[in-house]
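Analysis of the macromolecular model
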Amino acid sequence: MSARTVYVLNGPNLNLLGRRDPSVYGTATLADVQALCADAADAAGLELVFRQSNHEGVLIDWVQEAFEVGAAIVGNFGAYTHTSIAIMDALAVVEAPVVEVHISDIHAREEFRHQSYVSLVADDAVIGRGAEGYTEAIRRVAELWS
Ligand code: CA2
């Protein structure tokens, strides 16, 4: 049997991680986050697909791709978290675990960040734990799958 796969999907502006706003998002770059995820997936015995896009439709295509191959999703959809019913609808179809992740504590920031459409359909969320939160989210996927 082939290994189970987790798609780690990153939304708009997360390609800029580590280059601005370290007080909010820390100093890790997206490449650092990818390396953390690779280690966590390896430890959990999962295959990793790691991607970032600034485009809502591309993110939806990748959610549908994960669904088609039976993969789990760890998703930081960036600001689309707070606006995108389309991403929520795509995630609602996914049968494998879906874990939301945010580097910052969205509930302790501006009110417009408090609403998460992703939370309405995700199995769990890791919020405000910095880049290490991705590691925890991958561990959570493995637990939900066990
Ligand atoms: O805390 C998170 O992980 C967020 O998903 C990050 C999003 C934000 O819109 C969400 O409300 C919370 C934004 C990511 C932008 O990242 C940057 C990092 C460095 C410099 C500029 C943007």
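Residues numbered from 1 in each chain as written. Predicted model: local features only at pLDDT ≥ 70, side-chain atom pairs only at ≥ 80, totals over all residues. Heavy atoms only, no water.

With respect to the overall build of the chain
If you tally the helices and strands in the chain, you get five helices and five strands. For the chain, the N- to C-terminal ordering of α and β elements is β-α-α-β-α-β-α-β-β-α. C-alpha atoms of the chain, sized along the principal axes, occupy 45 × 30 × 25 Å. Scored against the burial criterion, the 146 residues of the chain give a buried share of 45%. Of the accessible surface of the chain, which amounts to about 7300 Å², a share of 47% is contributed by carbon and sulfur atoms. (Helix = DSSP H or I, 4+ residues; strand = E, 2+ residues; numbered from the N terminus. Buried < 20%, exposed > 50% of the residue type's maximum accessible area, 1.4 Å probe, protein only. Areas by Shrake-Rupley, 256 points an atom, 1.4 Å probe, with all protein chains shown as cover.)

Some thoughts on the nonpolar core
One finds Ile 73 and Val 74 to be the most contacted residues of the largest nonpolar core, which totals 43 residues. Secondary structure elements with two or more residues in this core: strand E1 (5–10), helix H2 (30–44), strand E2 (47–52), helix H3 (56–69), strand E3 (72–76), helix H4 (85–93), strand E4 (98–102) and helix H5 (132–145). Those residues in contact with Ile 73, other than ones at most four positions away along the chain, are Val 6, Tyr 7, Leu 9, Val 63, Ala 66, Leu 91, Val 94, Pro 97, Val 98, Val 99 and Val 141. (Core = buried A, V, L, I, M, F, W, Y, C linked by side-chain atoms within 4.5 Å. Contact = heavy atoms within 4.5 Å.)

A word on the layout of surface pockets
In this model, the largest pocket occupies a volume close to 420 Å³. Across the lining of the largest pocket, the residue classes tally to eight nonpolar, six polar and four charged. (1 Å grid on protein atoms, 1.4 Å probe; cavity = no way out; pocket = protein on both sides within 12 Å on 5 of 7 lines; lining within 4 Å. Points joined across faces, edges and corners; volume = space filled by probe spheres on them. Nonpolar A, V, L, I, M, F, W, Y, C, P; charged D, E, K, R; others polar.)

A few points about the pattern of salt bridges
This structure, assessed with the given rule, holds seven salt bridges. Note that Arg 20 and Asp 21 form a salt bridge whose closest N and O atoms lie 3.6 Å from each other. Under the relative-accessibility criterion, Arg 20 is labelled exposed at 56%. You can call Asp 21 partly exposed: its relative accessible area is 35%. In this structure, the salt-bridge partner of Glu 136 is Arg 129, at a minimum N-O distance of 2.3 Å. Residue classification places Glu 136 among the partly exposed positions, given a relative accessible area of 27%. A network of salt bridges, in which partner residues are shared, links Arg 109, Glu 110 and Arg 113. (Salt bridge = Lys/Arg side-chain N within 4 Å of Asp/Glu carboxyl O.)

A look at the site of the ligand
Around the ligand lies a shell of 15 residues, among which Asn 76, His 82, Ile 103, Ser 104 and Arg 113 are the nearest. One of the side-chain N or O atoms of His 102 is found 2.9 Å from an oxygen atom in the ligand. In this structure, Ser 104 approaches the ligand through a side-chain N or O atom, which is 2.6 Å from an oxygen atom. The protein chains hide 96% of the 500 Å² of surface that the ligand would expose on its own. Judged by the proximity of its atoms to the pocket grid, the ligand belongs to the largest pocket. A per-class count over the shell around the ligand returns seven nonpolar, six polar and two charged. (Near = heavy atom within 4 Å. Polar contact = N/O pair within 3.5 Å; in protein donor to acceptor, adjacent residues only side chain to side chain. Sits in = over half its atoms within 2 Å of the grid points.)

Some words on the packing of H3 against H4
In helix packing, the relevant descriptors are the interaxial angle and the interaxial distance, both defined with respect to the helix axes. Contact pair H3 / H4: the axes reach a minimum separation of 9 Å and the direction vectors enclose 5 degrees. One finds that H3 runs roughly parallel with respect to H4. Contacts between H3 and H4 involve Glu 56, Leu 59, Ile 60, Val 63 and Phe 67 from the former and Ala 86, Ile 87, Ala 90, Leu 91 and Val 93 from the latter. For the contact of H3 with H4, the class distribution of residues is nine nonpolar, no polar and one charged. (Axes fitted to C-alpha atoms, helices over the stretch in contact; angles between N-to-C directions. Parallel < 35°, antiparallel > 145°, perpendicular 65-115°, else oblique.)

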